[in-house]
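A look at the structure
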Amino acid sequence: MYCKKAILLSVLLFCFNVSSQQYKHPSEIKYPDFEYKLPNPSDYRYTLNNGIVVYIVEDSSLPVLDITALIKTGSIYEPRCLAGLAGITARLMRTGGTVKYSGDEMDEKVEFLAAQLGCSMSINSASASLSILKKYTDTGLDLFSEMLLYPKFSQKKLTVEKKRAYEYIKHRLDNPRNVLSYGFSKLYYKDFPAGVSPEMKSIKRISRKDIVKFYKHNFRPENMMFAVSGDFKKEEMLKKLNNIFGNLRVDKIKTEKMPKWDKKTPKGKVYFIDQDVNQAFIKMGHPCIKRPSKDYYALSVLNYIFGGGGFTSRLTKKVRSDEGLVYDIRSYVEPNYFFPGTFSISLQTKSKSSAYAIKLCMEELKRIIDNPVTKQELGDAKKSLTESLPGMFRTPKDVAETFCISEYWGRSLDHFDVYSDKIKALTVSDLHRVARKYLHPESLTVVIVGSYESCVSGDGRHSSKLSDFGKIVRIDVSKLEEYHP
Amino acid sequence: MVKNIILLFVFLIAFFSVSNAKILDVKVEEHTLSNGLKILLYHDSYSPTVACRLFYKTGSVNEYPGVSGVSHMFEHMMFKGTKKICVRDWDKDSVLLDSLEKLFIKYKMLKDSSSDSVLIENAFKKFKEVESEEKKLIVKGELWKIYTQNGGMHFNAFTTDILTAYFTTLPKNKLELFFWLESDRLKNAVLREFYSERMVVAEERRLRYENSPTGRYFETLNAMFYEAHPYRNPTIGWMSDIDNFTKKLLREKFKTYYQPNNLILVLAGDFDTKNVLRLAKEYFGRIPRGAPVPEVTIKEPVQVGEKRFTVIKKASPRIDMFFHTPGLGDRDLYALDIIEGVLSGRNGRLYKRLVKKMDLCTDVGAGNGVQKYTSYFHIQAELKDKTDPHVVENVLLSELEKLKNKPLSDYELERVKNSVVSRTVNRFRSTEGIATQLGFWEVMSTWKYINIFPREVEKVTKESVMSVAKKYFTQSNRTVGVLMSKGEGK
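Residues numbered from 1 in each chain as written. Chains lettered and ligands numbered in written order. Predicted model: local features only at pLDDT ≥ 70, side-chain atom pairs only at ≥ 80, totals over all residues. Heavy atoms only, no water.

1. Let's talk about the overall build of chain A
Looking only at helices and strands, chain A has 17 helices and 12 strands in total. Judged by the C-alpha coordinates and their principal axes, chain A covers about 75 × 70 × 45 Å. Counting all 485 residues of chain A, 57% fall into the buried class. In chain A, 82% of the contacts between residues at least 6 apart in sequence involve partners at least 24 apart. As displayed, chain A offers around 21800 Å² of accessible surface, 52% of which is attributable to carbon and sulfur atoms. Of note, chain A has its 76 positive side-chain charges centred 3 Å away from the centre of its 56 negative side-chain charges. (Helix = DSSP H or I, 4+ residues; strand = E, 2+ residues; numbered from the N terminus. Buried < 20%, exposed > 50% of the residue type's maximum accessible area, 1.4 Å probe, protein only. Contact = heavy atoms within 4.5 Å. Areas by Shrake-Rupley, 256 points an atom, 1.4 Å probe, with all protein chains shown as cover. Lys, Arg positive; Asp, Glu negative; His and termini not counted. Charge placed at Lys NZ, Arg CZ, Asp CG, Glu CD.)

Now the structure itself:
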């Protein structure tokens with residue numbers, strides 16, 4: 001029996017045995033036809049009885065349930081004097097008990113069911129999520145809704161969370177990468193909330209009353225959307241969700257007033273944060289565009305060619321591959337929908353190479369502003385970006401969450417359908433136009449974390465100096481938290 | 001033809017019930033080509049893509065003092081192309097590459113032995129001139145470009161102590177590309193841009209280990225925990241070793257370990273088995289079997305007494321406790337997995353006592369580090385700034401004593417066993433995850449441990465937990481690391 005099967009298979013293999021080795025280069029390979037069809041958001045989009053939007057993706061391949069709630073809020077809406085309030089609110093929703101369960105009871109149930117339950121806060125959104133085995137669906141939904149709708153914010157647990165925050169603040173500047181992140185936000189955004197981090201004083205000021213007020217103001221049903229996926233029948237899940245969330249009172253969405261950002265940057269300013277490490281951690285950036293913008297796709301493709309496209313990007317080819325100066329270098333165009341995003345370049349290099357590495361970045365930046373990219377570069381970037389689209393929809397959870405987030409950003413339902421067409425339509429001159437319009441090396445805020453003496457000494461082979469990029473403002477890392485730009 | 005592919009077995013997918021808990025039973029097709037290449041196939045058609053993985057069974061356990069990090073360095077070099085990829089004219093390139101190597105050896109020799117700075121500088125200039133000529137022949141990033149332009153995602157690689165993995169995820173109709181490019185890398189890899197890449201690896205070491213608050217602490221702790229076994233080698237390599245890597249060393253690495261008989265190919269996703277086997281045979285089947293790779297024969301000796309290590313630096317204070325445990329295959333590891341669950345998590349014994357009750361730590365946890373040759377059990381506590389590490393250490397030890405002397409409650413045992421089921425299911429969340437798991441366990445021993453391990457953990461009894469705790473949690477089997485924040489602690 002076993003032998004017969006093996007022989008039959010070998011015959012089949014022989015029939016298929018076309019000589020694949022004839023291809024001298026992979027570009028010659030002839031692939032079978034296959035047309036990828038993007039999932040359609042309308043196939044998964046539902047509204048509960050009160051209008052709350054839910055994306056539901058049914059899939060029985062694994063016995064699990066995943067649910068995520070996206071909540072329209074964010075730390076950008078917290079008062080500066082209470083920096084950290086939004087994050088602590090989210091953590092306390094999970095740990096501070098609910099109407100039915102104490103925090104410890106919640107921990108016990110979640111762990112016994114081997115579930116993952118949590119709530120998190122970002123600068124412009126909050127999310128609550130549950131992942132649980134199918135057989136515990138009802139219990140899981142009960143825990144999830146308790147956390148999201150009925151948190152009690154116990155004073156005792158607030159004290160625990162505040163202590164935790166103090167410990168974090170005490171050590172957040174031990175790591176140069178964190179110093180760069182903290183320092184860049186502070187020196188770049190200045191007073192704009194996106195650059196404000198929690199401090200000891202602001203955490204101390206936060207009271208339970210502040211938390212309850214922030215929660216009630218932001219975690220309202222009209223601010224919520226859900227992404228649900230897993231092993232269930234869609235109709236049954238809709239019924240369960242309607243029972244829990246569909247009867248909540250939904251008011252008209254109040255548009256939060258976004259704080260103003262004074263984007264004026266001192267030209268050519270270099271901040272040097274002194275820390276005893278043997279590399280320079282560097283980030284340079286300037287304000288860019290707010291989405292939606294007709295120029296976003298051109299800028300995004302331009303960035304792919306410049307520093308966003310992995311091993312094919314100009315920055316990687318020059319600074320990493322040619323010169324061996326960095327392990328990681330890349331540029332970003334932040335796709336921000338709520339306030340202007342940032343164009344930035346980040347890298348790390350051994351101290352003595354810092355000035356030369358920055359010089360190379362500046363030269364590349366000037367080159368992409370002064371000269372159009374090549375047709376080959378544009379064609380390659382377009383192909384890579386459009387071909388990667390299916391990667392956003394790999395799992396049922398991906399499908400539900402990608403569509404949910406897309407709607408949260410305010411995109412139209414056909415966003416992904418037209419994405420490829422928009423990318424494909426771009427021309428070399430479109431990219432050159434946005435390069436000249438949006439990239440301004442002279443406006444970059446440059447922040448370097450490292451050992452000053454080692455960095456200014458240079459590599460002995462190249463003439464570049466850190467002062468070539470602007471007046472250097474030195475800040476000792478121990479004084480960074482008190483520093484006001 | 002019949003001999004070329006040996007069908008070993010095919011599992012049927014099923015759920016089966018153990019102790020009222022449903023555990024996933026993985027369906028995997030296993031094949032071996034006549035040259036020794038192992039193929040593992042896992043079907044999942046939700047997305048029209050295939051997670052593709054190659055696992056070479058070599059990592060830092062195959063290294064020795066002076067060449068630490070060479071497996072990882074070679075992983076970097078595998079992105080520099082072949083005789084066909086990343087190059088415009090291989091014939092010209094090969095001549096220049098030979099010349100470059102000789103020029104660099106000459107420059108290094110002068111630098112190390114001569115005091116004539118002009119001579120040294122001239123040798124360097126000559127090297128740079130030829131390097132610049134050679135660069136003109138390079139098509140930079142072509143490998144990356146080919147994959148991404150064909151819908152390839154997550155194209156990358158990683159090296160661990162026991163393996164070097166190369167991976168991507170492709171649309172299902174582009175599978176042949178993976179076979180073309182990866183068989184080409186196995187046959188024709190070229191050590192291009194070696195000298196600049198060596199500097200890149202040095203930057204990686206600085207970034208990940210030297211400038212991370214705990215990087216050097218863990219590196220040293222690891223080297224102290226293992227006295228003889230090459231698990232003590234840092235996978236990234238010591239800086240002086242990285243600085244002295246040569247192309248000759250890398251060629252030896254390639255010749256010894258990059259052989260089909262030392263390779264596992266894993267696919268997970270939407271594909272046709274017949275087509276995959278055809279492609280495997282066409283592209284990899286013609287590569288001859290290499291000599292058997294050298295075995296790791298060093299055994300870790302039994303520890304003779306407690307080892308301790310204290311670092312004082314500006315970093316979050318912590319304490320780590322390591323115990324030696326047996327390699328994969330020993331049944332004690334299943335009970336140790338239960339102990340990991342009992343001690344870990346927000347509802348675990350350590351968190352409840354040290355974080356919630358005593359307010360001494362910000363986080364605690366335990367890990368059953370199952371490894372191929374010899375394993376470890378790790379307990380870690382992140383301390384609050386004012387906490388005396390000795391107090392925490394005593395609490396940790398008292399919790400280990402409890403495990404030896406008092407049986408677990410039914411509730412605790414059930415809680416931990418539930419988490420085993422959940423962990424197993426979570427491994428199957430993505431085809432990338434399952435492909436990595438299959439390759440990892442196959443390098444360790446056999447992928448079948450994905451099924452065996454949770455089943456065996458389900459069978460663990462309270463008595464075996466006590467017995468295992470007594471056996472391994474002893475003073476002489478213990479290594480303790482303490483990281484104290486400058487000016488804090490007692």
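So, next bit.
2. A look at the packing of aromatic side chains
The final tally for this structure, using the stated rule, is 59 aromatic pairs over all chains. Here the aromatic rings of Phe272(A) and Tyr452(A) are separated by 5.1 Å at their centres, their planes lie at 85°, and the arrangement is edge-to-face. With a gap of 180 residues between them, Phe272(A) in strand S7 (residues 269–274) and Tyr452(A) in helix H17 (residues 452–456) connect regions that are remote in the sequence. For the ring pair Trp144(B) and Phe155(B), a centre distance of 6.3 Å and an interplane angle of 55° mean the geometry is tilted. Placement of Trp144(B) in helix H4 (residues 142–149) and of Phe155(B) in strand S7 (residues 153–159) is noted, with a sequence separation of 11 residues between them. Judged by relative accessible area, which is 18%, Trp144(B) ranks as buried. Looking at Lys72(A), its charged tip hangs above the ring of Tyr408(A), at a distance of 5.7 Å from the centre. Over the ring of Phe79(B) we find Arg185(B); its NZ or CZ atom is 5.0 Å from the centre of that ring. (Phe/Tyr/Trp six-rings, centres within 6.5 Å; stacked < 30°, edge-to-face > 60°. Lys NZ or Arg CZ within 6 Å of the ring centre and 35° of its normal.)

3. Quick look at the interface of chain B and chain A
On the chain A side, the residues contacting the 94 residues of chain B number 86 residues. Carbon and sulfur atoms supply 55% of the area buried between chain B and chain A, which totals about 8000 Å² over both sides. With a closest N to O distance of 2.6 Å, Lys140(B) and Asp322(A) form a salt bridge. The tally of links between chain B and chain A comes to 43 residue pairs in polar contact (both at pLDDT 80 or more). Counted by class, the side of chain B that touches chain A contains 34 nonpolar, 27 polar and 33 charged residues. (Buried area = accessible area lost by both parts, 1.4 Å probe. Salt bridge = Lys/Arg side-chain N within 4 Å of Asp/Glu carboxyl O. Polar contact = N/O pair within 3.5 Å; in protein donor to acceptor, adjacent residues only side chain to side chain. Nonpolar A, V, L, I, M, F, W, Y, C, P; charged D, E, K, R; others polar.)

4. Points about the pairing of S7(A)
All names here are of chain A. Extensive coverage of S7 is indicated by the burial of five of its six residues. When S7 meets strand S12 (residues 471–476), the two strands line up parallel, connected through six bridges. Across the sheet, residue Asp274 finds its bridge partner in S12, namely Asp476. Strand direction decides the pairing type here: S7 and strand S11 (residues 445–450), joined by five bridges, are parallel. Within S11, the residue paired with Tyr271 across the bridge is Val447. (Pairing = 2+ DSSP bridges.)

5. Concerning the confidence of the model for chain A
In this model, chain A carries a mean pLDDT of 92, and residues with pLDDT of at least 70 account for 94%. Segment residues 1–19 of chain A: pLDDT under 50, and 22 contacts once partners within four positions in sequence are set aside and those in other chains are kept. (pLDDT = per-residue confidence, 0-100.)

6. Structural notes on the environment of Lys216(A)
Residues and elements named next belong to chain A. Secondary-structure assignment places Lys216 in helix H8 (residues 208–218). Judged by relative accessible area, Lys216 falls into the exposed class, the value being 56%. Each C-alpha atom, one on Lys216 and one on Leu149, is 9.7 Å from the other, the two residues being 67 residues apart in sequence.

7. As for unusual backbone geometry
Residues and elements named next belong to chain A. Of note, the amide linkage connecting Arg291 to Pro292 takes the cis form, showing an omega dihedral of 0°. Topologically, Pro292 is positioned in the loop between strand S8 (279–287) and helix H10 (296–308). Look at Ala114: it is not a glycine, yet its phi comes out positive at around 55°. Mapping Ala114 onto the fold places it in the loop between helix H3 (103–112) and strand S4 (116–121).

8. A short note on the sheet that holds strand S10 (residues 307–313) of chain B
As a general point, the strands of a sheet are linked pairwise by backbone hydrogen bonds and lie either parallel or antiparallel. Residue and element names in this part refer to chain B. On the basis of which strands lie adjacent, the open sheet formed by five strands has the order S10-S14-S11-S13-S12 and mixed pairing. The open sheet has two free edges, formed respectively by S10 and strand S12 (361–369), since each of these has just one partner strand. Adjacent strand axes in the sheet meet at a mean angle of 10°, parallel and antiparallel pairs treated alike. As paired elements, strand S11 (residues 318–326) and strand S13 (residues 374–383) share nine bridges and run antiparallel to each other. (Axes fitted to C-alpha atoms, helices over the stretch in contact; angles between N-to-C directions.)

9. Notes on the sheet that holds S12(A)
Residue and element names in this part refer to chain A. On the basis of which strands lie adjacent, the open sheet formed by six strands has the order S9-S10-S8-S11-S7-S12 and mixed pairing. Strand pairing shows two members of the sheet lacking a second neighbour, strand S9 (326–333) and S12, which therefore form its edges. In this sheet, adjacent strand axes meet at a mean angle of 15° when their direction is disregarded. H10 rests against S9 and strand S10 (342–350) of the sheet, and its axis sits at about 170° to S9.

10. Thoughts on empty space enclosed by the protein
By the definition in use, this model includes six cavities of 30 Å³ or more. Around the largest cavity, the lining residues are Leu97(B), Leu100(B), Glu131(B), Glu134(B), Lys135(B), Leu191(B), Glu193(B), Phe194(B), Tyr195(B), Ser196(B) and Lys247(B). Taken together, the elements giving at least two residues each to the lining of the largest cavity come down to helix H2 (90–113), helix H3 (117–135) and helix H6 (194–210) of chain B. Partitioned by chemical class, the residues of the lining of the largest cavity number five nonpolar, one polar and five charged. Quantified by volume, the second largest cavity comes out at close to 50 Å³. Lining of the second largest cavity is provided by Pro41(A), Tyr55(A), Phe403(A), Ser406(A), Glu407(A), Arg411(A), Ser412(A), Leu413(A) and Phe416(A). Of all the elements, helix H14 (residues 396–408) of chain A adds the most residues to the lining of the second largest cavity, at three residues. Residue composition of the lining of the second largest cavity, by class: five nonpolar, two polar and two charged. (1 Å grid on protein atoms, 1.4 Å probe; cavity = no way out; pocket = protein on both sides within 12 Å on 5 of 7 lines; lining within 4 Å. Points joined across faces, edges and corners; volume = space filled by probe spheres on them.)

11. Brief notes about the packing of helix H11 (residues 332–343) of chain B against helix H17 (residues 462–472) of chain B
When two helices pack together, their arrangement is given by the angle between the helix axes and the distance between those axes. All names here are of chain B. It is the contact of H11 with H17, at a shortest axis distance of 9 Å, that shows an interaxial angle of 100°. It follows from the interaxial angle that H11 and H17 lie roughly perpendicular. Along its contact with H11, which presents Asp332, Ala335, Leu336, Ile338 and Ile339, the element H17 presents Ser464, Val465, Val468, Ala469, Lys471 and Tyr472. A class-by-class count of the residues in the contact of H11 with H17 yields eight nonpolar, one polar and two charged. (Parallel < 35°, antiparallel > 145°, perpendicular 65-115°, else oblique.)

12. Observations concerning the pairing of strand S8 (residues 164–171) of chain B
Residue and element names in this part refer to chain B. In terms of burial, S8 is a largely internal element, eight of the eight residues being buried. Across five bridges, the pairing between S7 and S8 is antiparallel. Bridge pairing in S8 places Thr159 opposite Thr164. Once S7 ends, the chain turns through four residues before running back antiparallel as S8.

13. Thoughts on the packing of helix H11 (residues 314–322) of chain A against helix H12 (residues 354–370) of chain A
Residue and element names in this part refer to chain A. Direction vectors running N to C along H11 and H12 enclose 150°, while the axes themselves pass 10 Å from each other. Judged by the inter-axis angle, H11 sits roughly antiparallel to H12. Remark: the crossing between H11 and H12 carries right-handed chirality. Along the contact surface, H11 presents Arg314, Leu315, Lys318 and Val319, while H12 presents Ala357, Leu360, Cys361, Glu364, Arg367 and Ile368. (Left-handed = near helix turned anticlockwise from the far one by under 90°.)

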